[in-house]
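What the coordinates show
Here are the chains, one letter per residue:
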Amino acid sequence: MHWMILPLKRYADFEGRSRRMEYWMFQLLNIIVSIVLAGPFAFAVISADLAASGQPVDDPLAAMGALGFASIGMYGLYILAIICPAIAVTVRRFHDRGLSGWWVLGLTLGGMIPLIGFLASIASFIITLLPGDQGTNRFGPDPKDPTNAEIFA
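This report concerns the structure included in the present document. (Residues numbered from 1 in each chain as written. Predicted model: local features only at pLDDT ≥ 70, side-chain atom pairs only at ≥ 80, totals over all residues. Heavy atoms only, no water.)

Quick notes on the packing of aromatic side chains
All told, the structure shown has two aromatic pairs when counted by the stated rule. Relative to Trp-24, the ring of Tyr-23 lies with its centre 4.9 Å away and its plane at 90 degrees, an arrangement referred to as edge-to-face. Taking relative accessible area as the criterion, Tyr-23 reaches 9% and is therefore assigned buried. Overall, the relative accessible area of 29% leaves Trp-24 in the partly exposed class. (Phe/Tyr/Trp six-rings, centres within 6.5 Å; stacked < 30°, edge-to-face > 60°. Buried < 20%, exposed > 50% of the residue type's maximum accessible area, 1.4 Å probe, protein only.)

Thoughts on the side chain of Asn-137
Locating Asn-137 in the fold gives a position in the segment after helix H5 (114-129). A distance of 2.9 Å separates a polar side-chain atom of Asn-137 from the backbone oxygen of His-95. (Helix = DSSP H or I, 4+ residues; strand = E, 2+ residues; numbered from the N terminus. Polar contact = N/O pair within 3.5 Å; in protein donor to acceptor, adjacent residues only side chain to side chain.)

What about the pattern of salt bridges?
Throughout the structure, instances matching the rule amount to six salt bridges. The salt bridge involving Arg-10 is made with Asp-13; its shortest N-O contact spans 3.3 Å. Taking the relative accessible area as the measure of exposure, Arg-10 reaches 13% and is therefore buried. Taking relative accessible area as the criterion, Asp-13 reaches 26% and is therefore assigned partly exposed. One salt bridge connects Asp-96 with Arg-93, and the closest N-O pair in it is separated by 2.6 Å. In this pair, Asp-96 and Arg-93 both sit in helix H3 (residues 60-96), three residues apart, roughly one turn of the helix. (Salt bridge = Lys/Arg side-chain N within 4 Å of Asp/Glu carboxyl O.)

Just geometry here; none of it tells us what the structure is for.
What follows is the structure, encoded as structure tokens:
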């Protein structure tokens, strides 16, 4: 659980480095929370479809009900709250590989171009999977080094 909430403790910290464990546990936390928050929305959509009983529904959003709208609202608030630490932990993960944080922006913008986007997504995924540089690099000390444990606490 420590690794999941560490990026939240370092909310807007774009300096330093992050281990793979910190990055991927934070991603796992985001997936779990997204499923929990999107679950009621999916339930509301399915319920609205079943309630229609094959009859065309004039206003599908009204048929979805308050549960679906509350779910969408909570998920939207969660996305707004988590976007800064998500970008920060990704930048720190790139720093751990010795890459500038500007690569995150470049790969994100490249991800918006149809064919290049697929390749940019794969490149970003691979960079986050690779182990970090051993020892100190230009972005700071190695987060796996036990002598520097107090830096990342």
